[in-house]
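# Topology and contacts: notes
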Amino acid sequence: MSNPDNGTHGAGANGVNPDQDLNAQNLPGQRGDHGEVIGVRRGMFGANNGGDTSGYGGLVRTVRLPGATSRPYGGYFDEVADELEGALDEQGLVPENVIEKTVVDRGELTFHIEREFLPVVAKTLRDDPALRFELCTGVSAVHFPGDKGRELHAVYHLRSLTHTRLIRLEVSAPDADPHIPSIVSVYPTNDWHEREVYDFFGLIFDGHPALTRIMMPDDWQGFPQRKDYPLGGIPVEYKGAQIPAPDQRRSYT
Amino acid sequence: MGLEEKLPSGFLLSTVEQAAGWVRKSSVFPATFGLACCAIEMMTTGAGRYDLARFGMEVFRGSPRQADLMIVAGRVSQKMAPVLRQVYDQMPNPKWVISMGVCASSGGMFNNYAIVQGVDHIVPVDIYLPGCPPRPEMLMDAILKLHEKIQGSKLGVNAEEAAREAEEAALKALPTIEMKGLLR
Amino acid sequence: MTTSPATPRETTEGTVYTVTGGDWDEVVEAAAKADDERIVVNMGPQHPSTHGVLRLILEIDGETVTEARCGIGYLHTGIEKNLEYRTWTQGTTFVTRMDYLTPFFNETAYCLAVEKLLGIEDDIPDRASIIRVMLMELNRLSSHLVCIATGGMELGATTIMIYGFRDRELVLDIYELITGLRMNHAYVRPGGLAQDLPPGTVDQVRAFVKKMRKNLPEYDKLATGNPVFKGRMQGIGHLDLAGCLATGATGPVLRSAGLPHDLRKSNPYCGYETYDFEVPTTDTCDAYGRFLLRLEEMRQSLRIIEQCLDRLEPGPVMVGDKKIAWPAQLALGPDGLGNSLDHIKKIMGTSMEALIHHFKLVTEGFRVPPGQAYTAVESPKGELGVHAVSDGGTRPYRVHFRDPSFTNLQAMAAMCEGGQVADVIVAVASIDPVMGGVDR
């Protein structure tokens with residue numbers, strides 16, 4: 001992705017990690033009190049049943065993803081946002097209802113979209129002459145069990161060959177109701193990508209022509225890449241020793 | 001043919017064993033069972049520089065019914081396992097299996113939900129070939145070792161005897177976890 | 001083993017015969033009796049000419065394919081999940097095994113994503129970027145060579161296969177010199193490279209470029225004008241620009257439809273904007289055009305490799321930040337590659353802090369600030385994208401690979417339906433899917 005012109009905008013607006021100042025003091029992952037909380041980390045060495053005598057057992061760190069950014073976003077991002085909002089307006093939609101928030105982080109623009117509006121937004125982004133995001137590079141999903149009410153995130157990257165731009169759409173759904181509208185009718189390339197996400201995360205894409213498993217055998221139980229699904233390895237035997245499977249080992253947290 | 005399996009024990013049987021072993025080892029037809037990275041090294045072994053034809057092995061068979069060696073080259077997924085077994089069942093006897101690479105031999109670095117932790121859960125393996133992927137030279141070494149094994153294989157009553165001995169030895173063998181010493 | 005005869009079975013769609021081989025005569029006889037029968041041929045997943053464990057489900061009418069579908073997942077390895085249980089640095093060891101014909105592209109795309117998450121893109125030393133570019137272009141050669149070789153073999157042209165593997169061995173010799181391995185290198189690491197080039201590399205690569213310039217015309221002589229080859233390839237696997245964009249096809253498939261889209265030009269990374277090369281296109285939209293493109297791309301790659309060699313200046317190959325750079329200084333000992341004795345002497349003998357630092361970085365790894373990043377490189381097959389998510393830990397929270405083989409393979413149905421059965425093989429070979437990348 002080409003870095004947009006880094007102007008002198010406010011914190012977090014210039015497409016740089018907004019924590020750069022903090023990072024200079026080697027404080028990883030601290031984001032003040034802004035951003036989206038997705039979990040809390042405790043301790044340091046993965047010992048959670050009283051075995052930690054290191055003194056790090058009481059360490060508590062809140063994990064926050066980058067929060068919403070306010071305008072100006074910098075580079076071509078403002079233009080894309082303006083055009084998208086304008087185009088949505090023309091279709092009689094209120095942009096504030098469609099776009100939950102806009103995040104600019106590390107030189108990448110992310111629109112968090114309300115799930116029911118995803119097909120409209122995708123179609124607008126593809127067809128509007130000023131936007132023209134012709135190529136969708138598929139969908140990737142992320143499972144955040146700690147993000148209550150919006151555990152499953154589907155992430156789409158759209159590329160405009162005409163304007164050489166790249167943006168990201170993010171849609172979330174709760175674990176209790178894992179439904180997101182399919183955008184296969186807009187981007188046929190998402191056919192297999194959505195099947196893959198369904199296979200691995202159990203996200204159901206409503207309107208997909210044939211949402212079946214693609215990677216795992218048809219009779220497989222569970223959705224293997226969710227965080228609540230174990231890695232499923234077996235312990236490895238050596239002479240006189242047994243090493244537990246990778247997800248059973250004690251590890252740094 | 002089956003006739004050789006019914007010979008009486010003794011000089012005749014051991015002579016036939018040697019002849020049959022020599023004939024069998026000299027024209028082994030491998031089935032193409034390329035799965036992943038190792039398959040590329042297997043193809044390389046068949047190509048110009050390493051030239052498997054020197055050992056009478058270049059004729060990779062597309063159909064399992066014409067093959068007697070299965071080189072399982074790569075990681076075997078849970079989805080592939082039934083297919084692999086079916087292809088193995090379709091091969092005529094006598095048949096041999098080389099498990100090429102750590103993934104096929106033990107699951108290797110992919111100790112997870114998707115990969116069968118060793119193809120010996122599905123088919124009997126004659127030669128385990130370590131490496132990720134093994135070099136073509138290593139594959140040729142494995143093939144030559146298999147040739148030795150084929151040459152020395154038994155028939156009829158001798159085969160039954162050898163199988164019994166092997167099973168007794170396996171039952172008496174010390175499990176890995178009870179072994180002592182260095183990891184080798 | 002005896003084969004069971006094709007027993008008929010009544011279903012809602014009519015009589016169904018299921019055959020697994022051996023008794024084709026019976027099937028053909030039965031099919032001939034009623035002319036409205038559909039025959040569904042299941043090709044693979046273990047078939048000599050389907051580019052790995054790909055399953056093709058073809059509905060045929062005589063020799064014509066009326067419907068074609070892919071079954072994939074026979075090589076699903078769970079690499080994306082495995083990455084979540086290893087440190088960020090160990091991740092390269094896994095991603096290099098995804099598309100095993102393009103290891104350096106996987107590693108570089110992944111490392112670019114990690115570097116973007118860390119915010120250290122601008123700190124990568126020039127020498128590291130130049131070596132990355134050189135290795136990627138060498139990799140483009142070896143990948144295209146395998147594509148042409150196996151594609152030829154699937155047509156029955158064994159000579160071109162021998163040619164392809166002969167030249168690929170030359171590239172592999174260079175890999176082995178630089179990384180110590182023929183495949184699956186894990187040489188590109190977040191922040192730079194595992195180690196510097198060994199002495200003699202530049203000379204060997206120069207000799208290789210010279211030799212390759214002599215060898216490449218042999219493919220032209222053997223195949224480009226060959227009437228049999230052209231007869232099998234021209235007009236086969238047709239996919240026009242609209243079809244490419246709809247199915248998301250990138251790489252040679254897209255460029256064979258005439259659009260010169262190449263991420264190295266449109267969204268440069270690793271300093272590609274400073275190299276002088278062209279993006280070839282053809283407008284034939286078919287397998288033959290893709291073959292010509294791959295040949296031309298190999299020539300362009302040779303140009304880039306030469307420019308890399310001219311630019312190589314002595315310098316570091318890892319970022320200066322000691323909290324990220326792998327602390328080891330590797331040296332070749334009698335038992336293989338490992339930490340240099342000097343480094344061990346230093347951390348064990350003179351500096352306890354250095355020892356602690358080494359231990360922490362190797363066992364724990366570095367922490368990556370929370371957030372997500374997407375980076376893409378132009379792999380020989382198309383756009384290879386990496387979506388990496390961090391939760392501030394020492395391990396990836398989620399890494400997703402948008403593999404070009406996976407996306408391009410969707411175009412198989414569009415390319416094959418309405419064509420002949422024998423042409424399916426050509427069409428699939430012209431997409432050049434590698435199942436390791438498709439299934440991951």
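None of the values given here were measured: they were computed from a predicted structure.

Along the chain, Thr102 of chain C turns up in the loop between α3 (91–95) and α4 (103–118). For the pair Thr102 of chain C and Asn184 of chain C, spaced 82 residues apart in sequence, the C-alpha separation works out to 9.1 Å.

Further remarks concern the interface of chain C and chain A. Opposite the 55 residues of chain C that make contact, chain A presents 64 residues. At the boundary of chain C with chain A, total buried surface from both sides reaches about 5000 Å², with 55% on carbon and sulfur atoms. In terms of surface lost to chain A, no three residues of chain C exceed Lys81, Arg367 and Tyr397 of chain C, which account for 13% of the buried area on that side. Where chain C packs against chain A, one counts five salt bridges. The partner of Glu108 of chain A in a salt bridge is Lys116 of chain C, with the nearest N and O atoms 2.7 Å apart. Examining the composition of the side of chain C that touches chain A, we find that five residues originate from one element, strand β10 (residues 371–379) of chain C, more than from any other.

Moving on, we come to helix α5 (residues 126–155) of chain C. Here α5 of chain C spans 43 Å end to end across 30 residues, near enough to the 44 Å set by a 1.5 Å rise per residue. Of all 30 residues in α5 of chain C, 27 are buried, a share of seventy percent or more.

Now for the interface of chain A and chain B. Listed per partner, the contact involves 22 residues of chain A and 14 residues of chain B. Carbon and sulfur atoms make up 63% of the area that chain A and chain B hide from each other, which totals about 1500 Å². By the criterion of area lost to chain B, the three top residues of chain A are Leu231, Glu237 and Lys239 of chain A, representing 37% of everything that side buries. Counting the contacts that link chain A with chain B gives zero salt bridges. Applying the counting rule to chain A against chain B returns six residue pairs in polar contact (both at pLDDT 80 or more). Put simply, the parts of the chain that give the side of chain A that touches chain B at least two residues each are β10 (236–238) and β11 (241–243) of chain A. Broken down by element, the residue count for the side of chain A that touches chain B peaks at three residues, all from β10 of chain A. Split by residue class, the side of chain A that touches chain B holds 15 nonpolar, five polar and two charged.

Here we come to the pattern of salt bridges. If you walk through the whole model with that rule in mind, you get 52 salt bridges over all chains. Notably, a salt bridge pairs Arg106 of chain A with Asp105 of chain A, separated by 2.7 Å at the nearest N-O pair. This pair shows no difference in class: Arg106 of chain A is buried, exactly as Asp105 of chain A is. Arg132 of chain C is paired through a salt bridge with Glu115 of chain C; the nearest N and O atoms lie 2.8 Å apart. One end of the pair, Arg132 of chain C, is in helix α5; the other, Glu115 of chain C, is in helix α4, and 17 residues separate them in sequence.

The rules behind the values
- Residues numbered from 1 in each chain as written.
- Chains lettered and ligands numbered in written order.
- Predicted model: local features only at pLDDT ≥ 70, side-chain atom pairs only at ≥ 80, totals over all residues.
- Heavy atoms only, no water.
- Helix = DSSP H or I, 4+ residues; strand = E, 2+ residues; numbered from the N terminus.
- Contact = heavy atoms within 4.5 Å.
- Buried area = accessible area lost by both parts, 1.4 Å probe.
- Salt bridge = Lys/Arg side-chain N within 4 Å of Asp/Glu carboxyl O.
- Expected span 1.5 Å × (residues − 1).
- Buried < 20%, exposed > 50% of the residue type's maximum accessible area, 1.4 Å probe, protein only.
- Polar contact = N/O pair within 3.5 Å; in protein donor to acceptor, adjacent residues only side chain to side chain.
- Nonpolar A, V, L, I, M, F, W, Y, C, P; charged D, E, K, R; others polar.

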